[in-house]
Amino acid sequence: MNDKTVNQKAWLLVLPVLALVAFSAVIPLMTVVNYSVQDTFGNNQFFPAGLEWFEELLASDRMWNALGRQVAFSAIILAIEVPLGVFIALNMPKRGAWASVCLVLMSLPLLIPWNVVGTIWQIFGRVDIGLLGATLAELGIDYNYTQDFYAAWATVIVMDVWHWTSLVALLGYAGLQSIPDAYYQAAKIDQASRWAVFRYIELPKMSGVLMIAILLRFMDSFMIYTEPFVVTGGGPGNDTTFLSIDLVKMALGQFDLGPAAAFSLMYFLVILLVSWVFYTVMTTMDAREGRK
Amino acid sequence: MAKITLDNLAHSYLANPKGPEDYALQQLDHDWADGEAYALLGASGCGKSTLLNIISGLLRPSQGRILFDGVDVTDAPTAARNIAQVFQFPVVYDTMTVRENLAFPLRNRGADPAYIAERVASIAAMIGMEATLDRKARGLTADAKQKISLGRGMVREDVNALLFDEPLTVIDPQMKWELRTQLKSLHHDFGHTMIYVTHDQTEALTFADKVVVMHEGRVVQIGTPEALFETPAHTFVGYFIGSPGMNLLPAEIEGTTARVPGGTVQLGAAYPGLQGKVEIGVRPEYARLLPDDGSGAGLPARIRRVEDVGRHKIVRAEIDGPSGPLPVNVVAPEGAGVGLDQTRLHFDPARINVYADDWRVEGAAA
């Protein structure tokens, strides 16, 4: 097997990449690691704290509650955006002028910066001057995202769906466009029902891009900060305080560098772990299907 | 199984066709007899696939009617026509197993499970995929996938017609022979009406009882392989069928003699009243090159090149025309010598076809 020439000088060729990665990722990350195992009373004097911050964090309700809210949020928006995006993709025109119009309209929300989206919804939902908030108030529906738990969650979720469903729809649409006409013709000849066409032709062809869409939407929603921060500021109370918002409160609001660093590391590891599990499941599923 | 009638059919992909050049399919009347195997042969873009899609109902003709056993189905959707079609590139349902793929058309029609199992087993035996029935279709090779497509097309016994749109394009040459033979024996056993689109003459001639040759949206000849070879109705048929194709020489005809560049040629019949551009066509198989015997018989010719294709040799020769040399091909049978001393070109008079404006003219007894 090992018929390749061994030449230790080859390590030299790896060095530039190693240096680049060290400066761009490893060293900044190590400063966070550094903070997470030290304590300070100010004056730039640090002393080792061991794993104290981690233990404290794991024992704190605050972190677990934020994590719970975060998981719930990601699960809800995935459960809405993926089926809705697929549904939209299936109903977009395949060719002609309307196809381009739809594509442009669908991409518009994706082009709007996060805090602008937050601002739009913050105003849109206001009970006094917002179109949505005022209308709901006129209709006698009790809606106030600054005070009510359900209203705050509904606003944040609808906002995310509004902002990001297009991404799923566009990726799904790209998957659908790659299906040759012959498949649909063959399905007609085989007298397949509309459901069977979706289940056996469209869904399998879309599954690859949908996996990417789910992964992207998961990671993005798990890291969400700006939009809920602009709209609800994490409130009412801590009801929409997701992990990022909590982390910023801890690091910048309270300037608890040690716990914040420990929090960051665990946050990072959770995302890495979930993405890794997701990726592994995805690839092994693919490989098994191919082999079987 | 049904007789398929094309009544006054024509199709244009344009909304408002102005002239004949706008039509992908020129006006056509034809009966596809029940239980016959047809091949639809022509170069790419001649309208073969258009015609096939009209029959299967994937395309609505812009003019005319289509009837199955006398019933007008012009506006009937594909599903209602009960036909099977196999496409050029394999269409399989990736996430299903081979077995589920084969059973799919039957299942969609709500057939009895026992019957489905029996049909799938016999089709699997026919396409030689019994061992892979429980594998997912996704990981299979292109040939295997196309065999599944063929199998799915043939799994229903009650179809009105089986349509094939160049189904063997992606299959290895070896396998092509085998599958073609199987299709043929299937036709023999079950007597489905089959229409097989191809641009490969060998495929068409070996598969079909009758070959329909299309050229520029028009059906130029419908006939047995033999008729296409011996009496091509149009110069395109002469050129397209045979390898190499028919030799065509411009001619002026008087009585039973044709004056061609370089001399005269004796014909087997007389052709009074010819009009337009007149040509004679001779298959390379019916032409011979002989040494000059001094009698002046035959046309003066020069050999340019000889291609040895195994059983016979193809001699590329030329004769002098009014505006430069005219190429002529001759097939020298096995064992016949070829030499530069062979300078006279002879044609078999009974095998010469005469064309006026590209269409064959029937000779009158001399």
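Each chain carries its own residue numbering, running from 1 in the direction its sequence is written. Each chain gets a letter, beginning with A, and each ligand a number, beginning with 1, in the order they are written. Whole-chain, interface and lining totals are the exception, using all residues; otherwise, since this is a predicted model, local features are given only for residues with pLDDT of at least 70 and side-chain atom pairs are given and counted only at 80 or more.

Undergrad: Can you walk me through the overall build of chain B in this structure?
TA: A run of H or I in DSSP counts as a helix once it spans at least four residues, and a run of E counts as a strand once it spans at least two, with each numbered from the N terminus. Looking only at helices and strands, chain B has nine helices and 23 strands in total. On the principal axes, the C-alpha backbone points of chain B span a range of 80 × 50 × 35 Å. With C-beta atoms placed from the backbone, a residue is labelled by how many other C-beta atoms lie within 10 Å of its own: buried for 20 or more, exposed for 12 or fewer, partly exposed between the two. The buried share of chain B, taken over its 366 residues, is 42%. This entry defines residue contacts through backbone-placed C-beta atoms, with two residues in contact when those atoms are within 7 Å. Counted over contacts in chain B with a minimum sequence separation of 6, partners at least 24 positions apart contribute 66%.

Undergrad: I would appreciate a short explanation of the nonpolar core in the present structure.
TA: Note that soluble globular proteins tend to have their nonpolar side chains buried in a common cluster. Residues and elements named next belong to chain B. Counting residues in each nonpolar core, the largest one holds 82 residues, and the members touching the most others are Tyr38, Ala39, Leu40, Ile195 and Tyr196. Beyond its immediate chain neighbours, meaning those up to four positions away, Leu40 contacts Lys48, Leu51, Leu52, Ile195, Tyr196, Val197, Val212 and Met214. For the purposes of this analysis, a nonpolar core is taken to be any set of buried Ala, Val, Leu, Ile, Met, Phe, Trp, Tyr and Cys residues that are connected through C-beta atoms within 7 Å. Of all hydrophobic cores here, the second largest spans 27 residues; its members include Ala258, Val265, Ala301 and Ile352.

Undergrad: Teacher, can you tell me more about the environment of Trp53(A) here?
TA: Residues and elements named next belong to chain A. Within the element layout of this structure, Trp53 appears in helix H2 (residues 52-59). Residue Trp53 is classed as buried on the basis of its 23 C-beta neighbours within 10 Å. Along the backbone, Trp53 and Thr40 are 13 residues apart, and their C-alpha atoms lie at a distance of 12 Å. Not counting chain neighbours up to four residues away, the residues in contact with Trp53 comprise Ser36, Gly258, Pro259 and Ala262.

Undergrad: Explanation requested: the pairing of strand E11 (residues 247-250) of chain B in the structure shown.
TA: Residues in a regular strand project their side chains so that they alternate between the two faces of the sheet. Residue and element names in this part refer to chain B. Covered by surrounding structure in E11 are Asn247 and Leu249 only, the residues Leu248 and Pro250 on the alternate face being uncovered. Sheet analysis places E11 next to strand E15 (residues 278-282), joined by four bridges and oriented antiparallel. By the bridge assignment for E15, Leu248 is matched with Gly281. Following DSSP output, two strands are said to pair if at least two bridges run between them.

Undergrad: Even after reading the chapter, I still don't get unusual backbone geometry, so can you show me in this structure?
TA: Negative phi is the rule for most residues except glycine; trans is the rule for most peptide bonds. Backbone torsion omega between Ser243(B) and Pro244(B) reads -5°, so that peptide bond is classified as cis. By the secondary structure assignment, Pro244(B) is in the loop between helix H9 (235-240) and E11. With a phi close to 60°, Gln191(A) is a non-glycine residue in the positive phi region. Tracing the sequence through the fold places Gln191(A) in the loop between helix H8 (181-189) and helix H9 (194-222). Judged by C-beta crowding, with 20 C-beta atoms within 10 Å, Gln191(A) ranks as buried. Despite not being glycine, Glu166(B) has its phi angle at roughly 45°, a positive value. When you line up the elements, Glu166(B) lands in the loop between strand E7 (161-165) and helix H6 (173-190).

Undergrad: What is the right way to look at the domain arrangement of chain B in this model?
TA: By convention, interface size is frequently given as the accessible area that disappears when the constituent parts associate. Residues and elements named next belong to chain B. Where each domain begins and ends is defined by an automated method or by a domain database. Along its sequence, chain B is organised into domain 1 (4-235) and domain 2 (243-361). Computed over C-alpha atoms only, the centres of domain 1 and domain 2 are separated by 38 Å. Residue-level contacts link five residues of domain 1 with nine residues of domain 2. The class makeup of the residues in the side of domain 1 that touches domain 2 is two nonpolar, three polar and no charged. Any residue outside Ala, Val, Leu, Ile, Met, Phe, Trp, Tyr, Cys, Pro, Asp, Glu, Lys and Arg is labelled polar, Gly included; the first ten of those are nonpolar and the last four are charged.

Undergrad: It is not clear to me how the UniProt feature "transmembrane region" (unreviewed entry) in chain A should be interpreted in this structure. Could you clarify?
TA: Residue and element names in this part refer to chain A. UniProt positions are given in the numbering used here, feature names are shortened, and annotations may be inferred rather than shown by experiment. The positions that UniProt labels "transmembrane region" (unreviewed entry) are, in the present scheme, residues 12-37, 71-90, 97-124, 150-176, 197-219 and 260-282. Annotated as residues 150-176, this span is 100% helix and 0% strand, and its ends, taken at the C-alpha atoms, are 36 Å apart. The straight-line gap between the two end C-alpha atoms of residues 197-219 is 31 Å; of that span, 100% is helix and 0% is strand.

Undergrad: Got a minute to help me understand the pairing of E7(B) in this structure?
TA: All names here are of chain B. Counting buried positions along E7 gives five out of five residues, so the element sits mostly inside the fold. Both faces of E7 are covered, namely the face carrying Ala161, Leu163 and Asp165 and the face carrying Leu162 and Phe164. In the sheet, strand E6 (residues 83-86) pairs with E7 via four bridges, with the strands oriented parallel. By the bridge assignment for E7, Ala84 is matched with Leu162. Looking at chain direction, E7 and strand E8 (residues 194-198) are connected through four bridges and run parallel. Its bridge partner lying in E8, Asp165 is registered against Val197. By definition, the crossover connecting two strands over a helix is right-handed if that path, from the first strand to the second, turns clockwise as seen with the strands pointing away from the viewer. For the handedness criterion, the β-α-β arrangement of E7, H6 and E8 is classed as right-handed.

Undergrad: How do you make sense of the confidence of the model for chain B when you look at a structure like this?
TA: Predicted coordinates in areas of low pLDDT are best not read in detail. Looking at chain B as a whole, the pLDDT averages 85, with 99% of positions reaching at least 70. Reported for the predicted complex are a pTM of 0.75 and an ipTM of 0.74. As a per-residue measure, pLDDT tells how confident the predictor is, with possible values from 0 to 100.

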